[in-house]
Amino acid sequence: MATFLYKLGRLAFRRRHLVALIWVALLTLAGVGAASAPAAGNSSFSIPGTEAQKAFDLLEQRYPGMSADGATARVVFKAPSGGKITDPARKAVVEETVKELGSGSQVASVADPYTAHAVSRNGAIAYASVKYKVSGMELEDSSRDALKEAARHARDAGLTVEVGGDALNATPETGSSEIIGIAIAAVVLVITFGSLLAAGLPLLTAIIGVGIGVSSISALASALDLGSTTSTLATMIGLAVGIDYALFIVSRYRAELAEGREREEAAGRAVGTAGSAVVFAGLTVVIALVGLSVVNIPMLTKMGVAAAGTVAIAVLIALTMIPALLGYAGRRVRPTGEKSRLLGGGRTQKNPGRPNMGTRWASFVVRRPVAVLLLGVVGLGAAAVPAGSLELGLPDDGSQPASTTQRRAYDLLSEGFGPGFNGPLMVVVDAKGSADPKAAFAEAGDEIKGLKNVVTVTPATPNKAGDTATITVVPKSKPSSATTEELVHAIRDKGTDIARDTDSTVLVTGATAMNIDVSQRLNDALLPYLALVVGLAFLLLIVVFRSVLVPLKAALGFLLSVLAALGAVVAVFQWGWLSGLMNVEETGPVMSMMPIFMVGVVFGLAMDYEVFLVTRMREAYVHGETPGQAVVTGFKHGARVVTAAAVIMIAVFSGFIGSSESMIKMIGFGLAIAVFFDAFVVRMAVVPAVLALLGKRAWWLPKWLDRALPNVDVEGEGLRAHAGLDEEKELVRA
């Protein structure tokens, strides 16, 4: 592989005009596609095979035109303090608002509070339920504007009016902190390279790669039902890996120049060596992201595949566009150790013979491996302690910031009707095979009324055929509580008895039941997903490092860092530590998909640092150094660059903490802290300590396995032979 990539790097350097033209053309094509395509909305959500989804599908069949998955809104009215919403003047305002709400072309129905018994017992609060014909993704801006305008008219009449439900869900905003993250990355690159031009290359190529990836996602959003969250996550991951991959190749190019090689040869060798590490690091990220498909939640699968596509583009750009741009830059990109005059180049260096920080740190770890290992493991273990209290759930309007109308509507409904009113359960009774459907409906309602934690059970509402009915159940507890989850399971258990007695099927659905089923699906899939991703990456790393213990150590180190990161997420978003600093207005359960998403992304990124750092050690060991010397050599050449790469990733991920959407905020924080733990504790401390303790055993590989594995030559041994052949040819010509 090293030889092939070496030739590719030289070709891209020579044919830089063609390479640049191809990438600019791809960016233009993707941009035109994105501009002409319909805008992305909120992706439709389904979880095939779950009871909640089966009930939704049944409702679509038995209640034609009901739009079971259509967007909903609850317009909540509250009378001034001490007044009642049932007073004639206020009642007239509410009824006029209801009439205005029902005038939209996408509105399926509006329930009048006074005829639907949607007035609180004290008469102060009422709500109107609005049902739309289309999903939240397909809802037009004009429909949302009409909803807001109707609420404003009622406010002008003296009522407190708030709007909840998914009809107002908007594209999340990341805020200015994302720009700050990129600015920090630029500063780190300038410090690392000592040159504005060299620092600009990784930023430029990363932006082009993300531009192509995100524009492609936008172009396909409508056709593939990709939500706005998909492009945000692709941007987050694509920027981070795009900068890092380019950083490693530019850094290796400057090191090759420092050894006296011509620029085209240096570009070829940089792509042949660092580029090999980029390919395998990118493969681990792609495996981790595509592997999310095993969870069988279409939305998560699409997010993973879209982000993986952006990572693949970042790898291809690093291998081709970086050497092309290095060709354009010429002598303005200087060898390692040289700075541009603008940044202090030409000055006499202090202590020129002194080892760099990476060398000094690695030498210390090699001398004190046990102490460093224990300190690192104990520290990560302490950070992981809060993960033992992890509670999972999916966000609802109750997790929105207190400044939003959705959150205020949620609080008003809790005040007037009880906390469980924000998460009603819909029970679907399929009595098509029953001899007496009406009796089946009645028995289902009676059985549910006898359960604990139930406030209200509405009478069964049959369809036109009379073979299916829906029953609404309001719990006492709030939607995200464990008590509500227990009630869902209790209804399903009762459904088994009802089915046996009446030959009918009882299914529980609704947003709350759907969230519970999603959490269960994610919990069940976590271990198989972890086994698949870690197993495939373990095999890949065996091929890269030609060792059994090094990949095993890499996997165990990853588990330490991801557990510590989950502990930090629990401490901030569930316990409320530093919540003010992170602008977390409402603490609560951690998002159900957070653990599995963190496992996937963090594993891929963790293996980046493992590959980049340890391949340098492997290269030194293969070329004759002792195991201890190889560790020091790997840090001498790689520590500064890996540190810079980690700081850049942390800065980019931290930029998304400013997002208005709790999911993006939580993922941004989780990935940033996970990269910190993995890069600076696991890879910089635990890894060299373990390798120092293992010595030559670290590079042990059974002979039969050595013969069976393909030789991918990540350390570039084949380039030496290739260079030797070139020298012989030159001698013959002479």
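Below: a short report on this structure. Everything numeric in this text was worked out from a predicted model, so none of it was measured.

1. Examining the overall build of the protein
Along its length, the protein carries 22 helices and 11 strands. Within the protein, buried positions represent 55% of all 734 residues. By sequence separation, contacts in the protein at least 24 residues apart represent 80% of the contacts at least 6 residues apart. For the protein, the computed accessible surface area is about 31100 Å², with 59% contributed by carbon and sulfur atoms.

2. As for the side chain of Thr 484
With respect to the element layout, Thr 484 can be found in helix α15 (residues 482-502). Here Lys 478 takes part through its backbone oxygen, which lies 2.7 Å from a polar atom of the side chain of Thr 484.

3. Brief notes about the packing of aromatic side chains
Within the structure shown, the criterion is met by nine aromatic pairs. Plain terms: the ring middles of Phe 417 and Phe 421 are 4.7 Å apart, the flat faces sit at 20 degrees to each other, and that makes the pair stacked. Looking at Phe 421, the relative accessible area reads 11%, which means it is buried. Measuring from centroid to centroid gives 5.3 Å for Trp 575 and Trp 577, while their planes differ by 65 degrees, and the two rings are edge-to-face. By relative accessible area, Trp 575 is classed as partly exposed at 37%. By the ring-pair criterion, three or more aromatic residues cluster together here, those being Tyr 127, Phe 417 and Phe 421.

4. A few points about the side chain of Thr 320
Summarising the element assignment, Thr 320 is placed in helix α10 (residues 298-329). Classification of Thr 320 by relative accessible area gives buried; the value is 16%.

5. Re the sheet that holds strand β2 (residues 107-111)
Strand order in the open sheet made by the four strands is β2-β3-β1-β4, with antiparallel pairing throughout. With one partner strand each, in any of the chains shown, β2 and β4 (160-164) form the two edges of the open sheet. In this sheet, adjacent strand axes meet at a mean angle of 20 degrees when their direction is disregarded. Two elements, strand β1 (residues 72-78) and strand β3 (residues 125-132), share seven bridges in a ladder whose sense is antiparallel. Each residue of the ladder has a partner; that of Val 76, found in β3, is Tyr 127. Sitting on the sheet, helix α13 (residues 405-417) touches β1, β3 and β4, and the angle it makes with β4 is about 110 degrees.

6. What about a nonpolar patch on the surface?
Taken together, Val 294, Leu 532, Leu 536 and Leu 539 make up a surface patch of nonpolar side chains, about 320 Å² in accessible area. By secondary structure assignment, the location of Val 294 is in the loop between α9 (263-290) and α10. By relative accessible area, which is 38% here, Val 294 ends up partly exposed.

7. Thoughts on the nonpolar core
Counting residues in each nonpolar core, the largest one holds 162 residues, and the members touching the most others are Tyr 245, Leu 300 and Met 598. No other element matches α10, which puts 18 residues into this core. Leaving out residues up to four positions away in the same chain, Met 598 has contacts with Val 562, Ala 565, Leu 566, Val 569, Phe 603, Gly 670, Leu 671 and Ala 674. Among the nonpolar cores identified, the runner-up in size contains 26 residues, and Ala 71, Val 107, Ala 126 and Val 161 belong to it.

Reading the values: the criteria
Residues numbered from 1 in each chain as written. Predicted model: local features only at pLDDT ≥ 70, side-chain atom pairs only at ≥ 80, totals over all residues. Heavy atoms only, no water. Helix = DSSP H or I, 4+ residues; strand = E, 2+ residues; numbered from the N terminus. Buried < 20%, exposed > 50% of the residue type's maximum accessible area, 1.4 Å probe, protein only. Contact = heavy atoms within 4.5 Å. Areas by Shrake-Rupley, 256 points an atom, 1.4 Å probe, with all protein chains shown as cover. Polar contact = N/O pair within 3.5 Å; in protein donor to acceptor, adjacent residues only side chain to side chain. Phe/Tyr/Trp six-rings, centres within 6.5 Å; stacked < 30°, edge-to-face > 60°. Pairing = 2+ DSSP bridges. Axes fitted to C-alpha atoms, helices over the stretch in contact; angles between N-to-C directions. Patch = residues over 30% accessible without salt bridge, like charges linked within 9 Å, V, L, I, M, F, W, Y side chains within 5 Å. Salt bridge = Lys/Arg side-chain N within 4 Å of Asp/Glu carboxyl O. Core = buried A, V, L, I, M, F, W, Y, C linked by side-chain atoms within 4.5 Å.

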